[in-house]
Amino acid sequence: MNKIYNFSAGPSMLPHDVLLRAHKEFLNWNNIGSSIIEISHRSSSFIKVAENTENDLRDLLNIPDTYKVLFCQGGARGQFAAVPMNLLKKYQQADYVNSGYWSYNAFIESKKYCLPNLINVVKYLKNGKKTITKFSEWKVNKKSIYIHYCPNETIEGLSIHEEPFFKNKILVGDFSSTILSKPIDINKYGIIYAGAQKNIGPSGITFIIIKKEIIKKYSNCSPSILNYSILDKYNSMFNTPPTFSLYLSGLVFKWLKSIGGLNKIYKINKIKANLLYDYIDKSYLYTNNIAKKNRSIMNVTFKLKNEKLNNLFIKNSVKQGLYALKGHKILGGMRASIYNAMPIKGVKKLIKYMNKFEKKYT
Ligand SMILES: *Cc1c(COP(=O)(O)O)cnc(C)c1O
């Protein structure tokens, strides 16, 4: 097999061992004579897959019994609507922390269902780098029921690493591009949601970790397939779940457990990110515009000081087997997404390439 390293932001690289296993058992899963995507989601063997997947996620994230794990379709953008629809009535208020593209888009969507307050938290340091203001400076509204934020802005490569806390507010987090990258304290959150296609598995499934209290207390007239109390009542199988995505996500959870869980992967993720940022910081050609304390360990963005070299950089990287380094179109520049599945070797290969490129063209 030709070995390429895929730095795509999502859908993104999956662990090789997981793909091999799915490949091996695809035509005859569990010796049933057919593939897993051809069987009923209500069959006992599939229900076991769903249960194991949930239990492994619970183990990995240390999810307390006071929380329910739900899954549904519609991606993170589906949750942009589902959260206000489930938690609020039309004229109730919610706070939306704006740290970048995705959190801002959650705010825009919520306007259809509630009265959101936008809290801008990005500021620029004297050296021109982007950072996030202190929690104590966030202008939280007394009347808002929840506060929504995004701990990892996938497009900008900007993270809020500490976990915010606000008294008497439900904290809602869009963890799409950071879930399972490090241990977190679930108890601080009311709702955590994540589309699978960044750091979990194939697109098509969204995981929701929600405090049971909230399911009981709030339920609204949202579409049944996005309604938390209906999802809860039917164990996330009110309608047909994306069975293949669920199964493959389960294999990824098992893989994560087998390599040592979140403490271990966090160490590896920090090593990868540090290698890359350290190299960028000491290079002449590349720059990153995020303050150190807010740099993402999942999505590393950088620009070439000589923008005329952008196309050549991309073209040559592909020849080296380094895929999908082009940054998001709204920002330009480059982005290396180095989710859990990216081995340290892949990052080292990228740095070697960047170094050679710099030497040759500057
Ligand atoms: C990718 C992404 C989204 C959008 O996810 P969809 O599943 O395409 O709806 C939302 N938020 C964050 C943080 C993301 O990384």
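Being a predicted model, the structure only gives us computed values, none of them experimental.

1. Looking at unusual backbone geometry
Right, so step 1: A cis amide bond, omega -10°, links G10 with the succeeding residue P11.
Right, so step 2: Topologically, P11 is positioned in the loop between β1 (5-6) and α1 (16-24).
Right, so step 3: Here S236, not a glycine, exhibits a phi torsion of approximately 65°, which is positive.
Right, so step 4: Tracing the chain through its elements places S236 in the loop between α6 (228-233) and α7 (243-258).
Right, so step 5: At A324, a residue that is not glycine, the phi angle is positive and equals roughly 65°.
Right, so step 6: Its location among the elements puts A324 in the loop between β15 (322-323) and β16 (334-337).

2. Overview of the domain arrangement of the chain
Right, so step 1: When its domains are assigned, the chain resolves into domain 1 (17-258) and domain 2 (261-361).
Right, so step 2: Taken over both partners, the interface formed by domain 1 and domain 2 buries close to 2400 Å², and the fraction arising from carbon and sulfur atoms is 56%.
Right, so step 3: For the domain 1 face of the interface with domain 2, the top three residues by lost area are K129, I155 and S181, together amounting to 21%.
Right, so step 4: Of all the elements in the fold, those that place two or more residues in the side of domain 1 that touches domain 2 are α2 (44-61), β6 (130-132), β9 (158-159) and α7.
Right, so step 5: Split into classes, the residues belonging to the side of domain 1 that touches domain 2 amount to 12 nonpolar, 11 polar and six charged.

3. Brief notes about helix α3 (residues 75-87)
Right, so step 1: Here α3 contains 13 residues, and its C-alpha end-to-end distance of 18 Å stays within 8% of the 18 Å for a straight helix at 1.5 Å per residue.
Right, so step 2: Of all bends in α3, the biggest is about 25°, found at A81, and the proline P84 comes one to four residues later.
Right, so step 3: With 11 of its 13 residues buried, α3 lies for the most part within the structure.

4. Quick look at the pairing of strand β7 (residues 146-149)
Right, so step 1: Because side chains alternate across β7, one face comprises the buried residues Y146 and H148, and the other comprises I147 and Y149, equally buried.
Right, so step 2: Note that β7 and strand β10 (residues 170-174) share four bridges and pair parallel. Its bridge partner being in β10, I147 is matched across the sheet by L171.

5. Comments concerning the sheet that holds strand β11 (residues 191-195)
Whenever strands of a sheet pair, they do so through backbone hydrogen bonds, lying parallel or antiparallel.
Right, so step 1: Spatially, the seven strands line up as an open sheet ordered β2-β12-β11-β10-β7-β3-β4, and their pairing is mixed. Of all the strands in the sheet, just β2 (67-72) and β4 (115-120) have a single pairing partner and so form its edges. Averaged over all pairs of adjacent strands, the angle between their axes in this sheet comes to 20°, without regard to strand direction.
Right, so step 2: Pairing of strand β3 (residues 93-98) with β7 involves two bridges; the strand directions are parallel. Its bridge partner lying in β7, Y96 is registered against H148.
Right, so step 3: Against the sheet, α2 contacts β2 and β12 (206-211), and its axis sits at roughly 130° relative to β2.

Parameters at a glance
Residues numbered from 1 in each chain as written. Predicted model: local features only at pLDDT ≥ 70, side-chain atom pairs only at ≥ 80, totals over all residues. Heavy atoms only, no water. Helix = DSSP H or I, 4+ residues; strand = E, 2+ residues; numbered from the N terminus. Domains from an automatic or database assignment. Buried area = accessible area lost by both parts, 1.4 Å probe. Nonpolar A, V, L, I, M, F, W, Y, C, P; charged D, E, K, R; others polar. Expected span 1.5 Å × (residues − 1). Bend = angle between axes of the 7 residues up to and from the residue. Buried < 20%, exposed > 50% of the residue type's maximum accessible area, 1.4 Å probe, protein only. Pairing = 2+ DSSP bridges. Axes fitted to C-alpha atoms, helices over the stretch in contact; angles between N-to-C directions. Contact = heavy atoms within 4.5 Å.

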